[in-house]
Amino acid sequence: MAGSVSAGAYTAGVMDFLLEAIENWEKARGTDPSIPDHKVEIDLFGGTSGGGITAAMAFFAFRGRIEHPVLQDDGRSFIVDPEKNILWKLWVDITGGDVFGQMLDGSDIHDYHIPSAMNSTFIDEVGDVFQDYVKTLGASEQPRNPGCISDEAELFMTLFNVSGLKYQLSSKALGAVEQYVSEHRDIAHFRWGDDYRKDGRMEISTRNLSNLKPLIEASKATGAFPIGLRARTLSRKAKYIWDNPFFQKNGKFGKGTIDLGKKVKSDEDAYKSLNADGGTANNEPVELMRDLLLQIRLREDNKLAELKAVEAMNDTQRMVAKSTRLENTSVILIDPFPSYDFEVTEPTAQSEHIFSYASDLVFAMASQLRFDAKEAIDAYDKDNYGLHIIAPSRDDVDKPEHAIACGALGGFGGFLSKEYRIHDYFLGRRNCQSFLRKYFVVDPEESQVNQDGTPNENYDCIKAVINGYQGQAAFERFCFKDEKGRKWLPVIPDVTLQEPIRVMEKAVREGVKHISYEETGKLPHYEMRLPKGDFLEKYSDQIEERINKLMTNVYDSNWLGDLLLKLAANRFDDRAAEKVIKIIKDDLVKRKLVKR
């Protein structure tokens, strides 16, 4: 689950429908001959920033009992009980409708201490609710262990470790001075269970909550948007760093060469680090996901010698290992902000201006941290079964990136209005349904061998699904043909689909056809009740006060310096507030998220 900021509401909606679809399939299995009998199992939840938070929620929510929201056909009326759906409660309700007002509150700034540009106290409130949910999950009822979740499922959240891990390097030169490097890519890694396996995974379950505090701290830390939201401290036992292959760097480092501070000497000592947004280091952790899945597969098959060998491989060797060993396995990337179209421009003299260069550099770094182009090709290729992507999609928007309401203001738009979060939650559900029906599919006519007689890796990846549709009734109900006449079967059947999808072709103009799908039980769109264009004016005074407080608490100077700062802030804050409101309004107007 990729970085999302407030668009975590979309990711949560995707996960909500994914769970509902699997639950419906499990209920219908064995009672209806038109239901395929293969099974799916989720081994690993992972993510970064808002996606990491949602991954942590789903790690527990999928073992609870969620009542899924129902949106009526009118696109406005819906039924939901937030107390029975933790994903909705924490991503749509959050701490109320007016989250932006809470983010402008100045009570977090005092005595020249500025934790972040925006007040992040609401995140602590959300964390408290999540923590209480986990504690009561096992106390109120016996947590279920649904068939779709591995008994030892794992969870990771990426982190940007501002403090940094200190690695000691060995030199071959005689008398060489010791050398060190710092590492700032970090993960919080958990496994469902009661016992520690000495591999760096923090053990956690509803029976063993000894690592609940690190999980909550990591959830806050992975979403700590740099500068904008407060950085977070994470405390975990040293053994979870020293024992984890992620930190051991191909087996070359360990307890003696990873320095966690002077106070950290033994496995049980607490290592504390300051962490910022996980997306700063890796916004779409696809390869990490695959690395961990490969380790899980080898451990399941009790291939411990091979597991050790893989952990010691370099990145190139591990890529080959993953391609040959990850059978019957797929990674699904939920990405509210995939890369869209952009123009390649030739640099000019103005491009070298420090402010122009700085903004371009930040954009370039953010793009580079996403998964690489080769992975993007795989994700959008139906013939590649190992990686899939779910991204916001609507037919009635000018640009694909405008499909998601919370995408305004670089992902912070959802904090302005609860309507935006409701819309994106239901959009996530609708997009997930479409994904399961049309894109998370396999070719039933995939050959078992290639033309040269070698085994077909594609067939090895999907043979369990093909075998699951051996019954004629199941095949006829779910098999559909695309616009090229090619057959496809869904990996996870949506049992609300009563008859096969049909492709409809409509001539738009000469030589151009519009392709659409006709299907039963399709979820409706949520019709937003858009706020009026002047609704931002109510924040004007708060924005002024926040800017003033930020400026006057930047530096603890003498009385004259403080006076000059205050005078400058008083002259600047009102104009700055007007500029901020204009920037926000222009973006909302461009995306058609306010009434004219």
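Not measured: the values here are computed from a predicted model.

Asks: Tell me what's going on with unusual backbone geometry, and back it up with residues and numbers.
Replies: Its identity is not glycine, yet S49 carries a phi of approximately 55°, on the positive side. In this fold, S49 is placed in the loop between β1 (42-47) and α2 (50-61). What makes S49 buried here is its relative accessible area of 5%. The phi torsion at K198 lies on the positive side, around 60°, for a residue other than glycine. Relative to the assigned elements, K198 resides in the loop between β5 (179-192) and β6 (202-204). Relative accessible area serves as the criterion here: at 67%, K198 is assigned to the exposed category.

Asks: Break down α2 for me, citing the residues and quoting the values.
Replies: Over its twelve residues, α2 extends 16 Å from the first C-alpha to the last, a length consistent with the 16 Å expected when each residue adds 1.5 Å. Residues of α2 that are buried include every one of G50, G51, G52, I53, T54, A55, A56, M57, A58, F59, F60 and A61, and no others.

Asks: Could you give me a rundown of the packing of aromatic side chains, with the residues and numbers involved?
Replies: Counted under the stated rule, the structure contains 23 aromatic pairs. Between F78 and W88 the ring centres are 5.6 Å apart and the planes differ by 50°, which places this aromatic pair in the tilted class. Taken together, the residues F78 in strand β3 (residues 78-79) and W88 in helix α3 (residues 86-93) connect sequence positions ten residues apart. Residue class for F78 comes out partly exposed when judged on its relative accessible area of 28%. Ring geometry for F122 versus F415: centroids 5.4 Å apart, planes at 70°, classification edge-to-face. Linking F122 in helix α5 (residues 121-140) with F415 in the loop between β11 (387-390) and α14 (418-439), this pair joins segments that are 293 residues apart in sequence. Accessibility assignment for this pair places F122 and F415 in one class, buried. When the ring centre of F246 is taken as reference, the NZ or CZ atom of K249 above it lies at 5.2 Å.

Asks: An account of the environment of A218 is needed here, citing residue identities and associated values.
Replies: Tracing the sequence through the fold places A218 in helix α6 (residues 212-222). Residue A218 is classed as buried on the basis of its relative accessible area of 0%.

Asks: With reference to specific residues and values, describe the pairing of β1.
Replies: Across the six residues of β1, six count as buried, placing the element largely inside the fold. With five bridges joining them, β1 and strand β4 (residues 149-169) adopt parallel strand pairing. Directly across from F45, in β4, lies its bridge partner L155.

Asks: Account for the sheet that holds strand β12 (residues 441-442), with residues named and values stated.
Replies: Here three strands make up an open sheet; going across it, the order is β12-β14-β13 and the pairing antiparallel. Strand pairing shows two members of the sheet lacking a second neighbour, β12 and β13 (480-481), which therefore form its edges. In the sheet, β13 pairs with strand β14 (residues 487-490) via two bridges, with the strands oriented antiparallel. Following the sheet pairing, F480 is matched in β14 by W488.

Asks: Go over empty space enclosed by the protein with me, naming the residues and quoting the values.
Replies: Applying the stated criterion across every chain, the model contains one cavity of 30 Å³ or more. Approximately 300 Å³ is the volume found for the largest cavity. Along the wall of the largest cavity there are 21 residues; nearest its centre are I53, W91, F122, I123 and V126. Within the residue set of the lining of the largest cavity, elements represented by two or more residues are α2, α3, α5 and α6. A per-element tally of the lining of the largest cavity places α5 first, with five residues. Its residues assigned to classes, the lining of the largest cavity shows 15 nonpolar, five polar and one charged.

Asks: Residue-level account of the pattern of salt bridges, with values.
Replies: Inspection of every chain in the model, using the stated rule, returns 38 salt bridges. E154 is the salt-bridge partner of R191, the closest N and O atoms lying 3.6 Å from each other. Residue R191 is found in strand β5, and its partner E154 is found in strand β4; the two are separated by 37 residues along the sequence. Each of the two residues, R191 as well as E154, counts as buried. Where D396 meets R394, a salt bridge forms, and the shortest distance between an N and an O atom there is 2.9 Å. By relative accessible area, which is 53% here, D396 ends up exposed.

Asks: Can you explain the side chain of S34? Please cite residues and give values.
Replies: Here S34 is to be found in the loop between α1 (8-28) and β1. Given the relative accessible area of 11%, S34 is considered buried. Engagement of the side chain of S34 in a polar contact is seen with the side chain of D32, the distance being 2.8 Å. Within the structure, S34 has its side chain in polar contact with the side chain of R477 (distance 2.8 Å).

Asks: Any details on the pairing of strand β9 (residues 270-276)? Residues and values, ideally.
Replies: Note: β4 against β9, two bridges, orientation antiparallel. By the bridge assignment, F160 is partnered in β9 with A276. Two elements, strand β7 (residues 232-237) and β9, share six bridges in a ladder whose sense is antiparallel. Counterpart to R232 in the pairing with β9 is N275.

Asks: Requested: an account of the packing of α2 against α6, with residues and values cited.
Replies: Relative orientation of the contacting elements α2 and α6 amounts to 150°, with a least axis distance of 8 Å. Considering their axes alone, α2 and α6 lie roughly antiparallel with respect to each other. Contact residues: G52, I53, A56 and F60 in α2; L215, S219 and T222 in α6. Class assignment for the residues of the contact of α2 with α6 results in four nonpolar, three polar and no charged.

Asks: How would you explain a negative patch on the surface if you had to name every residue and give the values?
Replies: A grouping of D534, E537, D574 and E578 is seen on the molecular surface, where their side chains present a negatively charged patch. The exposure class assigned to E578 is exposed, which follows from its relative accessible area of 55%.

Asks: With reference to specific residues and values, describe the environment of V580.
Replies: Note on placement: V580 falls in helix α18 (residues 559-590). V580 sits in the partly exposed class, given a relative accessible area of 29%. A sequence separation of 37 residues divides V580 from I543, and the C-alpha atoms of the two residues are 8.1 Å apart.

Asks: So what about the nonpolar core? Which residues, and what values?
Replies: In terms of nonpolar packing, the biggest core is built from 122 residues, with F45, F60, F130, L215, I492 and L588 touching the most fellow members. Not counting the four nearest positions on each side in its chain, F45 is found in contact with M1, M15, A55, A58, F59, F62, I149, E154, L155, F156 and M289. Core analysis: the second largest hydrophobic core is formed by 32 residues, F156, F253, M289 and L293 among them.

Basis of the calculations
Residues numbered from 1 in each chain as written. Predicted model: local features only at pLDDT ≥ 70, side-chain atom pairs only at ≥ 80, totals over all residues. Heavy atoms only, no water. Helix = DSSP H or I, 4+ residues; strand = E, 2+ residues; numbered from the N terminus. Buried < 20%, exposed > 50% of the residue type's maximum accessible area, 1.4 Å probe, protein only. Expected span 1.5 Å × (residues − 1). Phe/Tyr/Trp six-rings, centres within 6.5 Å; stacked < 30°, edge-to-face > 60°. Lys NZ or Arg CZ within 6 Å of the ring centre and 35° of its normal. Pairing = 2+ DSSP bridges. 1 Å grid on protein atoms, 1.4 Å probe; cavity = no way out; pocket = protein on both sides within 12 Å on 5 of 7 lines; lining within 4 Å. Points joined across faces, edges and corners; volume = space filled by probe spheres on them. Nonpolar A, V, L, I, M, F, W, Y, C, P; charged D, E, K, R; others polar. Salt bridge = Lys/Arg side-chain N within 4 Å of Asp/Glu carboxyl O. Polar contact = N/O pair within 3.5 Å; in protein donor to acceptor, adjacent residues only side chain to side chain. Axes fitted to C-alpha atoms, helices over the stretch in contact; angles between N-to-C directions. Parallel < 35°, antiparallel > 145°, perpendicular 65-115°, else oblique. Contact = heavy atoms within 4.5 Å. Patch = residues over 30% accessible without salt bridge, like charges linked within 9 Å, V, L, I, M, F, W, Y side chains within 5 Å. Areas by Shrake-Rupley, 256 points an atom, 1.4 Å probe, with all protein chains shown as cover. Lys, Arg positive; Asp, Glu negative; His and termini not counted. Charge placed at Lys NZ, Arg CZ, Asp CG, Glu CD. Core = buried A, V, L, I, M, F, W, Y, C linked by side-chain atoms within 4.5 Å.

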